[in-house]
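Coordinate analysis (summary)
Here is what each chain is made of, one letter per residue.
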Amino acid sequence: MADLASRVTQPAPAADSTPAPDAAENSGTAAGGPGLWDSEANVQVALTDLQSDESTPFYSATTFEDLKLSPELLQGLLALGFHKPSKIQGTGIPIMLSDPPQHLLAQSQSGTGKTAAFSIGLLSRIDLSEPDVPQALALAPSRELARQIEDVIRAIGHFCTGLKIAAAVPGGLARGEPVKANVVVGTPGTVLDIIKRRQLNPSKLKVLVIDEADNMLDEQGLGDQCMRIKGVLPKSIQVLLFSATFPDKVMRYADMFAPKAVKMTLASSDQTVKGISQMYMDCPSENEKYSILCKLYGLMTVGSSVIFVKTRESASEIQRRMEADGHRVSALHGAFEGSERDALLQDFRTGKSKVLITTNVLARGIDVSSVSMVINYDIPMKGRGDSEPDPETYLHRIGRTGRFGRIGVSISFVYDKKSFTALSSIANKYGIDLVQLSPDDWDDTEKRVQTVIKSNRAQAGYAPSATDPQATPA
Ligand code: ADP
Ligand code: MG
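Keep in mind it's a predicted model, so treat the numbers as computed, not measured.

1. A word on the overall build of the protein chain
Across its full length, the protein chain holds 15 helices and 17 strands. Per-residue burial for the protein chain yields a buried fraction of 56% across its 474 residues. Put simply, of all contacts in the protein chain between residues at least 6 apart along the chain, 77% involve residues at least 24 apart.

Here is the structure:
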């Protein structure tokens, strides 16, 4: 894997990002608790190993202490069990904190701690003595992700007296009342709304974070909204763009949005996450996808899983059929009310529901560490009439598992020439060796899936010495 730090491109002489020697005692434990199938001890040992292995995105030569963070932030990180920064944190934070402030475009694989990276950047710039003055704005594409970011900022900023966070999502703010918070997290539509209604005074904003930035700047609606928001912000605002994917065509918009940004990028072969075993199921026909899905559920005794489908209707339809067949599943998509969506995701986070059927609305950002399996029931497509494969959405979807060094399996369903060709082209782009599963050999399928989800993160294929839990590519 190419060294992320070596791919940092500075537009001008800037922040000293020379890593300091690693002095910290690291007995890192996994944030969010261990996966359901490994003992806590296992996870601790394994994360420490991963974070000392230079070839992983979890390694950084620096420590949080070296990054000169405020004692309150250090305390917040410690309370979360974050003992060492990941690569994106160790490299990105010094750039975000440089003086004078610089724009940053930061790419790092799914589940490598981008949220904490920009949360630390943002919190370090807040004047806590002015709790009612909006100073930082973070934007995300879905209400669920905005809420999750709000929770992370709140947790890391737990010891920052005077921190106030407002959630600018539908139903998240009192109508008509001015926003009195030093940090605002929201979706572009609602943020634009409260600016128009003069509920949010943008004149003192210092930092703008755009999470899932390639999606936010590219998609017609969102891109336009982000531009309009940026148009009313102070000219001196620092822009921070984060994502696991930055396709070339978005880079042009990104350059307009954050001119001369410092760029941290990844080669396409480095964008996949090694802890995720990527498989595909060769289904005989579209009709048979459903019964294959149900059989796969028979294999899943541990962990949670997410099933991605193309449309809201098919999400609801599969939910209905699976429930009628005696499975307990939830469906979440854009047709639900905001409060219903919050409750559904909350049940999934706590493990009350273990199977979530959803659309691309949850493809990005959602962090639930117990997810051990992701199913692409439909291969993600884009373009007019779904004419092209959508490799970015594929990466984000499968990235709902394998978070911060955990193990996961993704299974993509193909059933005809179009779906097969689309998946092959995605695999080619990222250099993925997909493992083929056959619907005629359930013993083999069970063995392959179980081997992965029962192993712990030390075997995640990161360490060259580790036993390889992956089945041989077909
Ligand atoms: P990304 O945005 O890069 O996909 P997230 O920011 O959602 O990833 O982080 C993934 C998981 O990693 C979260 O559960 C988070 O709590 C955990 N995490 C982040 N940074 C650290 C760290 N330095 N040490 C341990 N766990 C971390
Ligand atoms: Mg993220």
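Once you've had a look at it, read on.
2. Describing the site of ligand 1
Inspection of the region around ligand 1 gives 15 residues, with K84, G111, K114, T115 and D367 positioned closest. R403 places a polar side-chain atom, nitrogen or oxygen, 2.8 Å from an oxygen atom of ligand 1. Its free accessible area being 580 Å², ligand 1 has 91% of it covered by the protein chains. Of the residues belonging to the shell around ligand 1, the class tally is four nonpolar, seven polar and four charged. Two domains each donate at least three residues to the shell around ligand 1, and these are domain 1 (2-31 + 271-471) and domain 2 (44-266).

3. Concerning the UniProt feature "short sequence motif: Q motif" (unreviewed entry) in the protein chain
Annotation from UniProt places "short sequence motif: Q motif" (unreviewed entry) at residues 62-90. In residues 62-90, the share of helix is 45% and the share of strand is 0%. The end C-alpha atoms are 6 Å apart.

4. Examining unusual backbone geometry
Residues D99 and P100 are joined by a peptide bond in cis, for which omega reads 0°. Here P100 shows up in the loop between α3 (87-96) and β2 (104-107). Positive phi, normally seen in glycine, also occurs at E212, with a value near 50°. With respect to the helices and strands, the residue E212 is situated in the loop between β6 (207-210) and α7 (213-218). For E212, a relative accessible area of 5% translates into the label buried. Even without being glycine, K260 reaches a positive phi, approximately 60°. Counting through the fold element by element, K260 comes out in the loop between α9 (248-257) and β8 (262-264). K260 sits in the exposed class, given a relative accessible area of 71%.

5. Quick word on the sheet that holds strand β13 (residues 371-376)
With parallel pairing, the seven strands of this open sheet are ordered in space as β11-β12-β10-β13-β16-β9-β17. The two strands at the open ends of the sheet, each matched to only one other strand, are β11 (330-332) and β17 (435-437). Averaged over all pairs of adjacent strands, the angle between strand axes in this sheet comes to 25°, irrespective of strand direction. Summarising the sheet, strand β9 (residues 276-282) and strand β16 (residues 408-414) pair through seven bridges and their orientation is parallel. For Q278, the partnering residue across the bridge sits in β16 and is S410.

6. Observations concerning the pattern of salt bridges
In the structure shown here, the tally under the stated rule is 20 salt bridges. Its salt-bridge partner being D444, residue R448 comes within 2.8 Å of it at the nearest N-O pair. With R448 and D444 both in helix α15 (residues 442-454), this residue pair falls four residues apart, about one helical turn. When salt bridges with common partners are traced through the structure, they connect R143, R147, E150, R154 and D342 into a single cluster.

So, how was this worked out
- Residues numbered from 1 in each chain as written.
- Chains lettered and ligands numbered in written order.
- Predicted model: local features only at pLDDT ≥ 70, side-chain atom pairs only at ≥ 80, totals over all residues.
- Heavy atoms only, no water.
- Helix = DSSP H or I, 4+ residues; strand = E, 2+ residues; numbered from the N terminus.
- Buried < 20%, exposed > 50% of the residue type's maximum accessible area, 1.4 Å probe, protein only.
- Contact = heavy atoms within 4.5 Å.
- Near = heavy atom within 4 Å.
- Polar contact = N/O pair within 3.5 Å; in protein donor to acceptor, adjacent residues only side chain to side chain.
- Areas by Shrake-Rupley, 256 points an atom, 1.4 Å probe, with all protein chains shown as cover.
- Nonpolar A, V, L, I, M, F, W, Y, C, P; charged D, E, K, R; others polar.
- Domains from an automatic or database assignment.
- UniProt positions renumbered as here; feature names shortened; annotations may be inferred.
- Pairing = 2+ DSSP bridges.
- Axes fitted to C-alpha atoms, helices over the stretch in contact; angles between N-to-C directions.
- Salt bridge = Lys/Arg side-chain N within 4 Å of Asp/Glu carboxyl O.

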